[in-house]
Amino acid sequence: MIAAFLKGEAVFAADKCLMMENMNLFLALQNPRICAIMSIQAENQPARRKSAMYTHQGDKVVGLTVAYIGGGSRGWAWGFMRDIISDGQISGTVRLYDIDREAAERNQKIGTMLAAHPDAASKWAFEVSSSLQEALTGADFVVISILPGTFAHMRGDVHLPERVGVYQSVGDTVGAGGFMRAMRTIPMFVEIAEAIRDFAPNAFVINYTNPMTLCVRTLYEVFPQVKAFGCCHEVFGTQKVLCAMLDEQEHIPGVKRQDLYTTVTGINHFTWITSASYQGMDLMPLYARFVDEHPEGIQLGSDNWMNSHFACAHKVKFDLFQRYGAIAAAGDRHLVEFLPQWYLHSPETAHQWKFDLTPVSWREDDLKKRMQRSDDLLSGKEPLDRTPSGEEGHLLLKALLGLGNIVSNVNVPNQGQIPNLPIGAVVETNALFSRGRIDPICAGDMPSNILPLVARHVYNQENTLQAALHCDRKLGFSTFMNDPQLGGVTLEDGQKLFDDMLLHQRDVLPKGWFE
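All figures in this text were calculated on a predicted structure; none of them were measured in a lab. (Residues numbered from 1 in each chain as written. Predicted model: local features only at pLDDT ≥ 70, side-chain atom pairs only at ≥ 80, totals over all residues. Heavy atoms only, no water.)

(A) Structural context of the side chain of Asn414. Turning to its location among the elements, Asn414 is positioned in the loop between strand E13 (406-413) and strand E14 (426-434). With a relative accessible area of 0%, Asn414 lands in the buried category. From its side chain, Asn414 meets the backbone nitrogen of Gln417 in a polar contact 3.2 Å long. Among the polar contacts made by the side chain of Asn414, one reaches the main-chain carbonyl oxygen of Pro422 at a distance of 3.1 Å. Among residues more than four places away in sequence, those in contact with Asn414 are Leu421, Pro422, Ile423, Gly424, Ala425 and Val427. (Helix = DSSP H or I, 4+ residues; strand = E, 2+ residues; numbered from the N terminus. Buried < 20%, exposed > 50% of the residue type's maximum accessible area, 1.4 Å probe, protein only. Polar contact = N/O pair within 3.5 Å; in protein donor to acceptor, adjacent residues only side chain to side chain. Contact = heavy atoms within 4.5 Å.)

(B) Region of interest: the nonpolar core. Among the nonpolar cores identified, the biggest contains 92 residues, and Phe229, Phe433 and Phe480 are the most heavily contacted of them. For this core, the element with the highest residue contribution is helix H6 (residues 175-199), accounting for twelve residues. Residues contacting Phe229, with those up to four places away along its chain left out, are Val205, Ile206, Asn207, Val216, Leu396, Leu400, Val410, Asn411, Val412, Phe433 and Ile438. Counting 32 residues, the second largest nonpolar core, distinct from the first, contains Ala330, Val427, Ala443 and Leu453. (Core = buried A, V, L, I, M, F, W, Y, C linked by side-chain atoms within 4.5 Å.)

(C) A look at helix H7 (residues 212-222). For H7, the tally of buried residues reaches ten of eleven residues, placing the bulk of the element in the interior. Taken together, the buried positions of H7 are occupied by Met212, Thr213, Leu214, Cys215, Val216, Arg217, Thr218, Leu219, Tyr220 and Val222.

(D) Region of the structure containing helix H16 (residues 451-470). Under the 1.5 Å per step criterion, the end-to-end length of H16 is 29 Å for 20 residues, consistent within 8% with the ideal 28 Å. Of the residues trailing H16, Cys471 is marked for its positive phi of about 50°. (Expected span 1.5 Å × (residues − 1).)

(E) Looking closely at the environment of Val128. For Val128, the position within the fold is in strand E5 (residues 124-128). Of the residues examined, Val128 reaches a relative accessible area of 18% and is grouped as buried. Each residue touching Val128, except ones within four places of it in the same chain, is listed here: Leu96, Arg101, Ala104, Glu105, Gln108 and Glu134.

(F) How the structure looks around the packing of aromatic side chains. For the structure on display, the rule yields 16 aromatic pairs. Judged by centre distance (5.8 Å) and plane angle (65°), the ring pair of Tyr68 and Phe80 falls under edge-to-face. Taken together, the residues span a long stretch of sequence, with Tyr68 in strand E3 (residues 60-69) and Phe80 in helix H2 (residues 76-85) at a distance of twelve residues. With a relative accessible area of 5%, Phe80 lands in the buried category. Seen in terms of ring centroids, Phe229 and Phe433 are 5.0 Å apart; in terms of plane orientation they differ by 70°. Their pairing is edge-to-face. With a gap of 204 residues between them, Phe229 in strand E8 (residues 227-231) and Phe433 in strand E14 connect regions that are remote in the sequence. Taken individually, Phe229 and Phe433 each receive the classification buried, so the pair is uniform in this respect. Through pairs of rings, three or more aromatic residues link up here, namely Phe179, Phe477, Phe480 and Phe498. Between the NZ or CZ atom of Arg257 and the centre of the ring of Phe236, over which it lies, the distance is 3.5 Å. (Phe/Tyr/Trp six-rings, centres within 6.5 Å; stacked < 30°, edge-to-face > 60°. Lys NZ or Arg CZ within 6 Å of the ring centre and 35° of its normal.)

(G) Structural detail: the confidence of the model for the protein. With 89% of its residues at a pLDDT of 70 or more, the protein has an overall mean of 90. Contacts from residues 1-38, a stretch scored under 50 in pLDDT, to residues over four places away or in other chains number 85 contacts. Considering only residues more than four positions removed or in separate chains, one finds that residues 46-50, a stretch of pLDDT under 50, has 13 contacts. (pLDDT = per-residue confidence, 0-100.)

What follows is the structure, given as structure tokens:
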């Protein structure tokens, strides 16, 4: 059974939840008791160690210390640096830690160049740390965005299962690929969680790494008092679909996704919107009409699925709405890995549903381009891109500092926000971020027709965690085969695939798997 992580009453008090039709009304109320038993806050924590002691100066906060684990990232880190430098209300130091020190050193130079730009809105210093201890000691915030293993390992995740007819569009969350990625990621997050516990116990922790659910779950398993949450932009894309719908159906152009109120429920990459409104207008009937009028999906802007490994026509989420009456709120490439029986038989099936299977070879080529871009940025051949990333991590950081409240969808342990899923399981719902607090918002019971689809993966993910922590081959194999992606694979073929996929990443797995 999944353990509850916070001490106290485990029974959910519905009267401590607010279910609002309008985000502006919700923010105006600023009620500190949204779900008192569910709050993640800066109370009853271990003593702060060697804090950098940031200070408030009017509507600004100066002297922040951010530890960035995976500081050599050529994607998430670049976006985060652009975001904080473009925001005039926060300033401080970012410590970049990466096992690839050279990559971190390059990002330190890029960050310094961004900070020195005359249009930079705030002052930030960037440093390279040689260890987790050095990066974390005294940190106010921790950001995690790492690649667990290498693309060679990921090639095994994604392409080895193809020999038994299992195709994956992403391979980083569930299925054969998600399971194996978790086997090497969970031990890494055990080490990170222990370091946070020892050197930055009071820091708020933002995770971007996949498999998201299991990364956040591991942090809480190892350090129950951790103040961690996971950020994912998949829901944002679905909110943009709703904005496009308002433009087409109601001739209301220019609506921003932040202007919508959506009730988000589910688990990462398998999230659902069960209610949606805009300025008091119920969007669910409008979405039903929109779906009926676009049986082949839609294209947003110039992002055509046939020319991109990441785009889709949203045909899968439209089909799921017609089946279940709720809006599937992730990219189709992620959604189909939870429901492969309908959408993921073969590459041809994928194309019928208007999404693509992303080969690892593409990711390897893209990395080469990013490395070249890093060279070009440092040499001045390419001008620095100062465009904000569109992510909300730095905005959540600001809210936790008391610089305005914000509601966003995040991944945190379930303590009642979805009453009919297990307590302690990491779920994705909206949460109110305010000074020193994260208050998950009650999404209500997951609809009974959707619950069996999601619950299967919730229990599989818990068993995946336990298998990884204990190098348990028996539990690991039964969990591996319980995933819907393996539903058409014989036990004999499944066992051979399981063993071969473990061997493929033997160099980064604990020795216990092979003893």
